[in-house]
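Below are the chains, spelled out letter by letter.
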Amino acid sequence: MITAIVLIKTSVDRIPEIAESIAALDSVSEVFSVTGTYDLIAMVRVAQHEDLADVIPGRISRIEGVEATDTHVAFRTYSQHDLEAAFSIGLDA
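Residues numbered from 1 in each chain as written. Predicted model: local features only at pLDDT ≥ 70, side-chain atom pairs only at ≥ 80, totals over all residues. Heavy atoms only, no water.

1. Points about helix α1 (residues 15-23)
Think of an α-helix as turning once every 3.6 residues; residues three or four places apart then point the same way. Of all the residues in α1, the buried ones are Ile-15, Ile-18, Ala-19 and Ile-22. The buried residues of α1 occupy an angular sector of 100° when projected down its axis, which confines them to one face. Away from its buried face, by an angle of more than 90 degrees, α1 presents the exposed residues Pro-16 and Glu-20. On the buried face of α1, the contacting elements are β1 (2-10), β2 (28-33), β3 (40-46) and β4 (66-73). (Buried < 20%, exposed > 50% of the residue type's maximum accessible area, 1.4 Å probe, protein only. Helix = DSSP H or I, 4+ residues; strand = E, 2+ residues; numbered from the N terminus. Arc of directions from axis to C-beta. Contact = heavy atoms within 4.5 Å.)

2. A few points about the sheet that holds β2
Across the sheet, which stays open at both edges, the four strands sit in the order β2-β3-β1-β4 with antiparallel pairing between neighbours. With partners counted over all chains shown, the strands left at the sheet margins are β2 and β4, one partner each. Strand-to-strand twist of the sheet, defined as the mean angle between neighbouring strand axes without regard to direction, takes the value 20°. Alignment of β2 against β3, held across five bridges, turns out to be antiparallel. Counted as the bridge partner of Val-31 is Ala-42 from β3. The sheet contacts of α1 involve β1, β2, β3 and β4, and relative to β2 the element is tilted by about 165°. (Pairing = 2+ DSSP bridges. Axes fitted to C-alpha atoms, helices over the stretch in contact; angles between N-to-C directions.)

Structure representation (structure tokens):
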């Protein structure tokens, strides 16, 4: 599984509709409305690297009101559970 974090600039007056359109895409697991330089962040999960082209420039960028995207591909995922296991020294409370 390949995970990409997509930072998205949108038409500010259409953020809710654009977020809903992006969230409805099959490979998008979450969409967050955020503060800062970007308006939305989408979590995209695909089976193969080539699939990112279908989802990001192929679908997300074509949604009316999406002005720009900046994509970051994750090398490794660390969940809270993984971090606790990695830093555990084997002591039981």
